[in-house]
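Descriptive structure summary
So the chains spell out like this:
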Amino acid sequence: TGWDVIIAALLGAEEYGFGTVAMIAEGCIMARICHTNKCPVGVATQQEALRKRFPGLPEHVVNFFLFVAEEVRQLMRVLGVRRMEDLIGRTEFLKAREIKLTKTHKVDLSSLIKYHNNSSNRSWLNHQINAHDNGPVLENDLLNDETFIRAIEKHSEIIKEIKIVNTDRSVCARISGEIAKRYGNKGFKGNLKLIFKGAAGQSFGAFLIQGMNVVLIGEANDYVGKGINGGRITILPPVNNQNSTNQVILGNTCLYGATGGELFALGRAGERFAVRNSGCHAVIEGAGDHCCEYMTGGVIVIIGSCGRNIGAGMTGGVAFLLDENEVIKDRVNQEIVELQQLSTPEQEMILKPLLEKYLAQTNSSKANDIISNWKYWKTKFKVLIPPSEKSRLGLEEMEKVLI
C-alpha cells in the first residue's frame, strides 16, 4: 500500500518492490496450486479452457499503482512534504507503537528510528556517480552506425562481425528494443546477422526478437537468451572437434523466461537450463542440475548427459533427452511430468526436424551421427511429458486405445 511505501521511505528506502500484490491486481486469487497446471482463473496454466477464464488487463495493474501513488501523495501532504527526496530517511516522522504483545515487548526500535538531523543536508541522495560503469556499451556503436540503422528501417539484411568480452552484458537487448519500438515483436522483416567473437558477459542475447540471427564464436556466461522472444542464437566453440560435445559453452539459468525463438549451442550448459521457458526451441549437448525447471512451453532437446531434478514444476512444453546409459529415470522429478520412450509419429515430427536444423547451424558430429543412424538413436530418446502436452504428442488417442 501507499502506507508501506511511506514507512519504507522514512526508514531510508529509495526503491520499492511490488510482488504478489501486482499479480492479485491482474486477477490472481492466491489459490496456491500454480504447480498443478489447474489455476482456476487461468493465470498459471497451459490448459486453454482455464486460460479463457483469465480476467486480467494491463489497465488493472496500472490502476492499482495509480491508487498506491495517490495514497503516497495524500500521506505526504499530511506530513507536509512535497517530494519523495525530502521524505527519504526522515526518521523524525516515525514513532514506535506502544503495543504490548508477548512476541514484541522486548523489541527495541529506538536505534532504528533515532533522529539523525538529516532533514537539511540531503546531499547523500545525489547518486550522479555510476558505481557500476564498465565503460562504453558495445551496442551503442552499432546503434550509432547509419548503415546498421538503415538496415533496420528498410527491413533489409546486414552482416556484422564484432569482438566481445565478458564485461559486455545484455548484448542484443538494446537492439531488440529499437526494433520492437518501431515494429513490435513480429513486424520486422529484415535479417540482422551479428557474429560475435570472444567471451560474452551475462545475459547474451537477452530479449532477442524476430529478424535477429546472432552467432557467438567463443563462450557465454549465465542467462543466455533470457526473455528471448524470437530470432536465433547459435553458440560455437572457436574450434569444432570431438571434445566440443563435452565442453561447457554457456552458463547457468539460460533461456530464463523465454517466450519464443531458437537456441543452438555446440556444447554443454550449466544448471537450470530453460527454467521458466515458455516458447523457445533449443538443442544443446548436455546440462547440469534442475534442467527444464518450471517450464511451461517450448521444446528442449539435450543430446548429452543431464544432472538431477530434471523437470521439477514443469507444466508445459516438451523435452527430449538422449538416454544412452539408461540413467535418466533416476534424475527426473516425476511429481508432474511423465517420462516415456519416444513412441509416436507426432513426437518424431517435432524432434527430428529440430535436430536437422541444429546440425545445419552447428555441424555437430553427435547430431550428424544421430540423424545418420536415426533408426537406432531414436530408441535412445526419452520424452518429458506434462499432462497439458499429451494431445499434441499423440498420446491421448493411444491411451484411449489401451483402455
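Note: the structure precedes this text.
The structure reproduced in this document is the subject of the present report. (Residues numbered from 1 in each chain as written. Predicted model: local features only at pLDDT ≥ 70, side-chain atom pairs only at ≥ 80, totals over all residues. Heavy atoms only, no water.)

**A few points about the sheet that holds strand β6 (residues 278-284)**
Applicable threshold: At least two bridges found by DSSP between two strands is the condition for calling them paired. To qualify as a helix, a DSSP run of H or I must reach at least 4 residues; to qualify as a strand, a run of E must reach at least 2; elements of each kind are numbered from the N terminus. Note on definitions: angles span 0 to 180 degrees between N-to-C directions of axes, and those axes are lines fitted to C-alpha atoms, for helices only across the stretch in contact.
Taken together, ten strands build an open sheet; the order of strands is β1-β2-β3-β4-β5-β6-β7-β8-β10-β9 and the sheet is mixed. The outermost strands of the open sheet, each flanked by one partner alone, are β1 (157-164) and β9 (338-341). When strand polarity is set aside, the average angle formed by the axes of neighbouring strands in this sheet is 15°. Examined bridge by bridge, strand β7 (residues 296-302) and strand β8 (residues 316-322) share five bridges and lie parallel to one another. Counterpart to I300 in the pairing with β8 is A319.

**Description of the layout of surface pockets**
Selection criterion: A cavity here means a set of points on a 1 Å grid, drawn over the protein atoms and nothing else, where a 1.4 Å probe fits but cannot get out; a pocket is an open set with protein on both sides within 12 Å along at least five of seven lines, and a residue lines either one if it has an atom within 4 Å of a point. Grid points are joined across faces, edges and corners, and a volume is the space filled by probe spheres set on the points. Gly is put with the polar residues, along with every residue not named as nonpolar or charged; the nonpolar set is Ala, Val, Leu, Ile, Met, Phe, Trp, Tyr, Cys and Pro, and the charged set is Asp, Glu, Lys and Arg.
Reported here for the largest pocket is a volume of approximately 740 Å³. Along its surface, the largest pocket is lined by 24 residues, and K95, A96, R97, E98 and L109 are the ones closest to its centre. Sorting the residues of the lining of the largest pocket by element identifies α1 (2-10) and α4 (58-79) as the ones contributing at least two each. Sort the elements by how many residues they give to the lining of the largest pocket and α1 lands first, with four residues. Along the lines of polarity and charge, the residues of the lining of the largest pocket split into 17 nonpolar, three polar and four charged. Considering the residues around the second largest pocket, the lining is formed by 16 residues, among which V43, A44, T45, R276 and T296 are closest to the centre. Its residues placed into classes, the lining of the second largest pocket shows six nonpolar, seven polar and three charged.

**What about the nonpolar core?**
Using the following cut-off: As used in this record, nonpolar core signifies buried Ala, Val, Leu, Ile, Met, Phe, Trp, Tyr and Cys residues forming a set joined through side-chain atoms within 4.5 Å. Each residue gets one of three labels from its accessible area relative to the maximum for its type: buried under 20%, exposed over 50%, partly exposed in between, using a 1.4 Å probe on protein chains only. Only heavy atoms matter for contacts: two residues are in contact if any of them lie within 4.5 Å across the pair.
With 59 residues, the main nonpolar core has F196, L250 and F273 as its most contacted residues. Residues contacting F196, with those up to four places away along its chain left out, are L138, I162, I164, V171, C172, F204, V214, V215, L216 and I217. Judged by nonpolar contacts, the second largest core, of 28 residues, contains I303, F320, Y358 and I385.

**As for the environment of S365**
Position of S365 among the secondary structure elements: in helix α9 (residues 365-372). On the basis of relative accessibility, which here comes to 33%, the residue S365 falls in the partly exposed class. Linking S365 and Y223, residues 142 residues apart in sequence, is a C-alpha distance of 26 Å.

**Describing α1**
Note on helix geometry: an α-helix contains 3.6 residues per turn, so any two residues three or four positions apart are oriented the same way. Defined as follows: This arc describes the spread of directions from the helix axis toward the C-beta atoms.
Residues of α1 that are buried: G2, V5, I6, A9 and L10. Angularly, the buried residues of α1 cover 130° about the axis, an arc narrow enough to put them on a single face. Among the structural elements, α4 are those in contact with the buried residues of α1.

**Details of the side chain of E139**
Threshold: Note that His is not counted, nor are the chain ends; the positive residues are Lys and Arg, and the negative ones are Asp and Glu. Criterion for a salt bridge: a side-chain nitrogen of Lys or Arg within 4 Å of a carboxyl oxygen of Asp or Glu. Throughout this description, a polar contact denotes any pair of N or O atoms lying within 3.5 Å of each other; where both atoms belong to protein, one of them has to be capable of donating a hydrogen while the other can accept it, and for residues adjacent in sequence the pair is counted only when both atoms sit in side chains.
In this structure, E139 sits in helix α5 (residues 138-143). Here E139 occupies a buried position and makes no salt bridge, while the nearest side chain of opposite charge, R174, is found at 4.9 Å. In terms of polar contacts, E139 uses its side chain to reach the backbone amide nitrogen of C172, at 2.8 Å. Setting aside anything within four residues of it in sequence, one finds E139 in contact with S170, V171, C172, A173, R174 and I175.

**So, a nonpolar patch on the surface**
Short version of the rule: To count toward a patch, a residue needs a relative accessible area over 30% and no salt bridge; like charges are then connected within 9 Å, while nonpolar side chains (Val, Leu, Ile, Met, Phe, Trp, Tyr) are connected within 5 Å. Computed with a 1.4 Å probe, the accessible areas rest on the Shrake-Rupley method; for each residue, only the protein chains presented here act as cover.
Nonpolar side chains collect at one region of the surface, where L11, V107, L109 and L112 lie side by side and expose about 350 Å² of accessible area between them. One can find L112 in the loop between α4 and α5.

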